Amino acid sequence: MLRAERTSAGWRVYGPEQIGRLHQVIALKSFGFPLGRIAELLSGGLPDLATFLEMHEHVLRQESKRVDHALRLLSAARATLAEHGSLSSDDLMNLTKEIAMTDKRNDDVAAVYQAVATRHFSSTDQATLAANGYGGMDKADADWEALHGEVARLMKSGDPSSPEAMDLARRWMGKVFEATGGDPALTRKMRTVARETHEQFAFAAAPSPSNDDILDFVGRAYGAAIAKGIMPEPDDAARSILSSSSNA
């Protein structure tokens, strides 16, 4: 992404243009963009960067509102404590419930997903996904919700080689390849976006399995189905899932 000039003696020289480009790369890297995506953005005049910054700002503003409201609730609780010397269990439960409800109301799922997706999906990628009927993780999808609920249940048994787990993997991977058209690079990007999007929400604190654990379980179940001859040997797209799962 940086092409130096050369002196007559062959030494590399970096002028103001190259230094400016370097600062662009560093800034985009700090936002979480991978180098391949940065190269696309820089070569295309940063058409997607404005969208990403707008969505990122929206997310931060929503988070700011949530924090302000939580601070007001806590301040009121402190005032009550100072006046009465204690907080009842009902007061504490109501405070916790209200803050939790505020968190849920202000989790802007669409903005978070779009911010992550913009970092990894090019405009061509997004067009492909849309053409294949994939609306994104911010859109309700009964099939995906059912699959997530099913994998959470099967994970309790801890056996990815069970017939139920292998059948789940078959249907899960079918949904993935339907969205990506079986393209290996897009399949890998989709997995990365899924991981990073889930990291933005309160999934880590939820009692359900983490997204990393879910993807790992599905990957092992898919590998078990292939090993038993239930499913065909994977193509490049499937291998990208299995490889990523084994390295998770």
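Residues numbered from 1 in each chain as written. Predicted model: local features only at pLDDT ≥ 70, side-chain atom pairs only at ≥ 80, totals over all residues. Heavy atoms only, no water.

*Asks:* Where do I start with the overall build of the protein chain in this structure?
*Replies:* Secondary structure assignment for the protein chain yields 11 helices and 2 strands. Secondary structure of the protein chain in N-to-C order comes out as β-β-α-α-α-α-α-α-α-α-α-α-α. Here the protein chain, with 248 residues, has 34% of them falling under the buried criterion. Counted over contacts in the protein chain with a minimum sequence separation of 6, partners at least 24 positions apart contribute 64%. Here the protein chain displays about 14600 Å² of accessible surface, and carbon together with sulfur accounts for 55% of that area. (Helix = DSSP H or I, 4+ residues; strand = E, 2+ residues; numbered from the N terminus. Buried < 20%, exposed > 50% of the residue type's maximum accessible area, 1.4 Å probe, protein only. Contact = heavy atoms within 4.5 Å. Areas by Shrake-Rupley, 256 points an atom, 1.4 Å probe, with all protein chains shown as cover.)

*Asks:* Explain a nonpolar patch on the surface here, please?
*Replies:* Residues Leu2, Tyr14, Ile19, Leu22 and Ile26 make up a contiguous nonpolar surface patch of roughly 420 Å² in combined accessible area. Tracing the chain through its elements places leucine 2 in the segment before β1 (5-6). The exposure class of leucine 2 is partly exposed, given its relative accessible area of 34%. (Patch = residues over 30% accessible without salt bridge, like charges linked within 9 Å, V, L, I, M, F, W, Y side chains within 5 Å. Salt bridge = Lys/Arg side-chain N within 4 Å of Asp/Glu carboxyl O.)

*Asks:* I keep staring at the packing of aromatic side chains and nothing clicks. Help me out?
*Replies:* Given two aromatic rings, one states the distance between the centres and the angle between the planes to describe the pair. On inspection of all chains with the given rule, the structure shows 1 aromatic pair. Relative to tryptophan 172, the ring of tryptophan 144 has its centre 5.0 Å away and its plane inclined at 80°; by these criteria the two rings are edge-to-face. Note that tryptophan 144 is positioned in helix α7 (residues 142-155) and tryptophan 172 in helix α8 (residues 163-180), a separation of 28 residues in sequence. You can call tryptophan 172 buried: its relative accessible area is 5%. (Phe/Tyr/Trp six-rings, centres within 6.5 Å; stacked < 30°, edge-to-face > 60°.)

*Asks:* Sorry if this is basic, but what is going on with the nonpolar core here?
*Replies:* The tendency in soluble globular proteins is for nonpolar side chains to be buried side by side. Residues Phe121, Tyr134, Val151, Trp172 and Tyr222 are the most contacted members of the largest nonpolar core, which totals 33 residues. Residue assignment for this core shows that the elements contributing at least two residues are α5 (109-120), α7, α8, α9 (184-200) and α10 (211-227). Discounting residues that sit within four places of it in the chain, phenylalanine 121 has contacts with Arg37, Tyr113, Gln126, Leu129, Leu186, Lys189, Met190 and Val193. Residues Val25, Leu28, Leu41 and Leu42 belong to the second largest nonpolar core, which totals 5 residues. (Core = buried A, V, L, I, M, F, W, Y, C linked by side-chain atoms within 4.5 Å.)

*Asks:* Hey, could you run me through the pattern of salt bridges in this one?
*Replies:* Applying the stated rule across the entire model yields 7 salt bridges. As a salt-bridge pair, lysine 189 and aspartate 125 come within 2.6 Å of each other at their nearest N and O atoms. You can see lysine 189 sitting in helix α9 and its partner aspartate 125 sitting in helix α6 (residues 123-131), a full 64 residues away along the chain. Aspartate 167 is the partner of arginine 170 in a salt bridge, and the nearest nitrogen-oxygen pair spans 2.7 Å. With arginine 170 and aspartate 167 both in helix α8, this residue pair falls 3 residues apart, about one helical turn.

*Asks:* Mind showing me how you'd approach α10 here?
*Replies:* Think of an α-helix as 3.6 residues a turn; residues three or four steps apart then line up on the same face. With 17 residues, α10 ought to run about 24 Å at 1.5 Å a step, and its terminal C-alpha atoms sit 24 Å apart, in line with that. The set of residues buried in α10 consists of Asn211, Ile214, Leu215, Phe217, Val218, Gly219, Ala221, Tyr222, Ala224, Ala225 and Ile226. (Expected span 1.5 Å × (residues − 1).)

*Asks:* Help me understand the packing of α7 against α8, please; the structure alone is not making it clear to me.
*Replies:* For any two helices packed against each other, the geometry is given by the interaxial angle and the distance between the axes. α8 packs onto α7 with a crossing angle of 150° between their chain directions and a minimal axis gap of 11 Å. The pairing of α7 with α8 is recorded here as roughly antiparallel in orientation. When the axes of α7 and α8 are compared, the crossing they make is left-handed. When α7 is examined against α8, the residues Asp143, Trp144, Leu147, His148, Glu150, Val151 and Leu154 are found in contact with a partner set consisting of Glu164, Ala165, Leu168, Arg171, Trp172, Lys175 and Val176. In the contact of α7 with α8, the residues fall into 8 nonpolar, 1 polar and 5 charged. (Axes fitted to C-alpha atoms, helices over the stretch in contact; angles between N-to-C directions. Parallel < 35°, antiparallel > 145°, perpendicular 65-115°, else oblique. Left-handed = near helix turned anticlockwise from the far one by under 90°. Nonpolar A, V, L, I, M, F, W, Y, C, P; charged D, E, K, R; others polar.)

Functional significance is not addressed by these values, which are geometric in nature.
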